[in-house]
Structure formats: structure tokens, C-alpha cells
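Summary of structural features
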Amino acid sequence: MSNLPSVEELPEAIIARFGTQKAKTGNWRTNEIEIDQDKCDFCMRCVVFCPDGAIKVSEGKLKMDLDYCKGCCICIEECPKNAIKEERKVELP
Amino acid sequence: MNKIELLNGNEAAAYGAMLSGAEIIPVYPITPQTPLIHKISEFIAKGEFDADLIHLESDQSALAAAVGASLGGARVFTATNSQGLLYMAEVCYYASGLRVPIVMAVINRAVSSPHSRYPDHSDAMALKSSHWIQLFCETNQEVLDTAIQMFRICEDRRVLLPGMFSYESYLLSFTWENVEVPEQEKVRKFVGEYNPEHIILDPDDPMTINAPTTPDYLTEFRYKQKIAMDNALKVIREVGKEFQREFGRFYGLIDPYRVEDAEFVIATMGTIASTAKEVVDEMRAEGKKVGVLRIRSFRPFPREEVKKALKSAEAVATIDRNFSAGSNGALYDEMRSALYNTGIPVKGYIAGLGGRNVSKNDIREVFEDLIQKERLEEISWINLRG
Ligand code: SF4
Ligand code: SF4
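Residues numbered from 1 in each chain as written. Chains lettered and ligands numbered in written order. Predicted model: local features only at pLDDT ≥ 70, side-chain atom pairs only at ≥ 80, totals over all residues. Heavy atoms only, no water.

Together, Glu23, Asp50, Asp52 and Glu193 of chain B make up a region of like negative charge exposed at the surface. Within the element layout of this structure, glutamate 23 of chain B appears in the loop between helix 1 (9-20) and strand 2 (24-27). (Patch = residues over 30% accessible without salt bridge, like charges linked within 9 Å, V, L, I, M, F, W, Y side chains within 5 Å. Areas by Shrake-Rupley, 256 points an atom, 1.4 Å probe, with all protein chains shown as cover. Salt bridge = Lys/Arg side-chain N within 4 Å of Asp/Glu carboxyl O. Lys, Arg positive; Asp, Glu negative; His and termini not counted. Charge placed at Lys NZ, Arg CZ, Asp CG, Glu CD. Helix = DSSP H or I, 4+ residues; strand = E, 2+ residues; numbered from the N terminus.)

Looking now at the sheet that holds strand 14 (residues 346-350) of chain B. Residue and element names in this part refer to chain B. A sheet is described by the order of its strands in space; here six strands give the open sequence 9-11-10-13-14-15, paired in mixed fashion. The open sheet has two edge strands with one neighbour each: strand 9 (254-257) and strand 15 (379-381). Between one strand axis and the next, the sheet turns by 20 degrees as a mean value, whatever way the strands run. The pairing of strand 13 (residues 315-320) with strand 14 spans five bridges and is classified as parallel. In the strand pairing of strand 14, alanine 317 is matched with lysine 347. (Pairing = 2+ DSSP bridges. Axes fitted to C-alpha atoms, helices over the stretch in contact; angles between N-to-C directions.)

With that out of the way, let us pick up the sheet that holds strand 5 (residues 103-106) of chain B. All names here are of chain B. Across the sheet, which stays open at both edges, the five strands sit in the order 4-5-7-6-12 with mixed pairing between neighbours. In this open sheet, the two edge strands, each paired with only one partner strand, are strand 4 (77-80) and strand 12 (297-299). On average, adjacent strands in this sheet sit at an angle of 20 degrees to one another, irrespective of strand direction. Relative to strand 5, strand 4 runs parallel, the two sharing four bridges. Across the sheet, residue phenylalanine 77 finds its bridge partner in strand 5, namely valine 103.

If you look at the interface, chain A gives 16 residues, while chain B gives 21 residues. Between the two partners, chain A and chain B, sit zero salt bridges. Applying the counting rule to chain A against chain B returns two residue pairs in polar contact (both at pLDDT 80 or more). A class-by-class count of the residues in the side of chain A that touches chain B yields eleven nonpolar, two polar and three charged. (Contact = heavy atoms within 4.5 Å. Polar contact = N/O pair within 3.5 Å; in protein donor to acceptor, adjacent residues only side chain to side chain. Nonpolar A, V, L, I, M, F, W, Y, C, P; charged D, E, K, R; others polar.)

Written as C-alpha cells, this is what we have:
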């Protein structure tokens, strides 16, 4: 606990003076999410439904931002083309 | 020039909000708070008060809107009581945890069931652990003055907590008294501007508000509320003194009446103190050393001041207009705790529930119990049909 902020160091009511952009949720992930660019027809459903804004569009392609993807698989559920796959990285106990 | 007006408690509270420059007033009507909203609407309709009065669909939504408005940087006022306050309960904790200095009038009314619209402190007492400042008033003048002081106290950088100021339904809310209404300009200067930096919704300076915390954090944030509440003891006193310099009337954490050399003291809150003060004058004329200690600040509870004020007391009685089955009146517990180790016995009385009258004779009997050292350290119910 020693590297956590003390009572004095903490602001009144907020954890930190930044938006959620700096609260990286990528380390919650226990799996890997992969997009098959060949199956994708660019409908943008996954981009809209991802609760963390982790799917970005770059040069006409979808790009996973692994700093934020927490592995919830909502994108897989929403993709009408079955273009997104979950690869389990860590075996759960 | 200050003007004298005939005002009831609700109108006095409305004046307090107007003179202090509240900007957003989210409300939901409930008896006996409704006339307060009428008065504010009237001020706004006449163009005397530049505030947004927002009608919400419930008391809970009203306080939620108040939290939002305060997070946006506005000075916020609202009012409620009894069922309405309990409906707000969840949001009360959000307000104090987010450290938004909302000022709320609580027009103390019994909590149903059975249904009652009469005075009783059990509504405010249910929220005594919600980390809000809680002040209790005795007169309509004090209601107006406390509303003004509350904005200063709550918005003080050392405090930054929301605050409720309470006055009893009917006895104050619907009773007219001569009230001195201070000049708006003077009040605005006294209250100052609210410029929040600690928490504000600002797209140019984003901050994480109400983030889910792991067990690593909540303890420290709670401790910060404790520090803020401790600081409030000092700030309430300071604001009281400064208010006296500007407006000539003083209110502190406690209101001791002929307590200095008193051997037998009644501690109570709100209007019961007025009756008790009259009885004290009568009994003093008979040579009895009695006094009244009115507790104005219940949160923070001023333990040290109470102990100091009662240094010559032989026995103390508390009169609580509230009760918690399985325990005691709230003031009794606080007073016993404050006087622990002083050797001063505290006797508790429950009285005035749901508007039951507390007469001069009732008060006299309490003093007689103390003087005759009868049934000390027990709880008695005044005027209970046994
Ligand atoms: S798994 Fe969840 S967080 Fe990751 S990209 Fe898909 S929707 Fe977003
Ligand atoms: S939802 Fe599927 S098809 Fe649509 S953009 Fe995302 S990956 Fe491509």
C-alpha cells in the first residue's frame, strides 16, 4: 500500500484529475480479441458498442487499442459477420 | 437600511436563499415545505431573484439534480422534510461523498407511519450519519440568518460538505414572527462567490468523478470527510463571529442560556429550548440554579464546547424530539458520550413526538427530577399515557 496516495495527497472527492482516458482498463483482460479484417464489412457496430472505445478506425481498418480493451466480448456478440474472435490467453482457475 | 418583515419560517428560509444568491433550486413539494417554494417562485416572478427553480418528479430526483447543478459549479439550494428527506437519503451520501456544498432546508416533520405532519426531529436524525452538516434553529430570525451562514460554511475550502439547516414544521414553518431582513448587497458580499476547483464538470479539465474504488481508497476518502467535519467546528464559529460583526446577531455551535453557574441543565434542540428558557427565568427567580443548553450544531457535534459549558453542572437532562427504538433519543447518546468521564449524570427524556406539546410545566418537572436526583440515568417519556 506504500505507493498509494496518502490522505493528504488525495484530492477531496476524486481519484485523479483526469478523464477515464488515463484509467487504462487493458490490464483487466484475460483473453485476446482479434478482428478478422477479411470478414469485416465495416458496419461499425463494434466501434459503437465497445464500452471502452477500444476499437478505433485507422487507415480504413479496425484497430484494437489493447490499452483499453478489457476483454468483455460485447463486440463479438454484436458483430453480425462473426468477424471477431476471442482467444483465451490465461486459463481461469 | 434593514427592514423588519412579518415572516414565517418558510418565508425566512426563502429570503435566506434569495439574499445569498442561490442559482439553481431543484425541488419537489411536500407539506410543510411547499410555501417555501411558493415564496421563491414569487421572488423569481417579481424579477427580484435571478435563479432557476426546477420542479422534479420526486424528492430523490430533486437532490440528484442539485448534485448535478453543484458539480456544474452553481450555488444550489433545496428544501424538504420527513418522507421526502428519506426518499433523498441515498443521494445525500452522494452529495457528501462528492463534496458538493448544497444547502438544504429541512422542515422537521414526523416520519410516517402513523401519518403525521407535525414537528418531530426524526427525519433529520435518520440522516445524522450521512456526513452533512446539521444545524437546528430556534426562531425564524435564526432560520434566515442560518440559511445565509450555511452557504459560507459549506462552501468554505476547509469544509466543502453539504449542509442541512432544520426548523420545526408548524411551530416555525407556519408561525409568523418579526424578522429583520438584511440588505441583499451586504449579504452577497458576506457570502461571496462560489468558485469550485475541487470538483467540477469541465470538459477542458476532465476529472474522474464517483469512480469505483478498490478497498485501497474508500477509507482515506471517508477520513477526509472527517477532517472536513472537524474543520466545520472552527468554521461555524468563525462565520458566526463574522456574521455578528456585519449583522449584529450571534449564533454558535451551542446556545447556552444561564448555564454559566447552573447546577441543573436541560440540553435540547429547536423550539423546546424557547419554552425551557422561560422556565429557567421563572425558576431562577425562585433561586434555583438552572439553565438551558441548546445544541445548534448536531453535526459536527461540539463535544468540547458542551463539556466546557457544563463545567459547573451537577446533573443534565436531555429532551429529544426523536426516538430510535432499541436505543435512545439521538441527543441523549451524544450528550452521554460528550460527558463521559466527567461524572455528570445525564437523564434522557423523550418528548414532543409527532407534535405533542411540550409545556412549561413539563419542563419544570424535568428540572424537579434533576434537582431531587430522581431516576437519573434513565429514559422517561413525557406525557405518555401509561
Ligand atoms: S472485448 Fe469489450 S472492451 Fe474489448 S474491444 Fe470488444 S467490446 Fe471493447
Ligand atoms: S461489428 Fe463486425 S463487421 Fe461490423 S465493423 Fe465490427 S468487426 Fe466489422
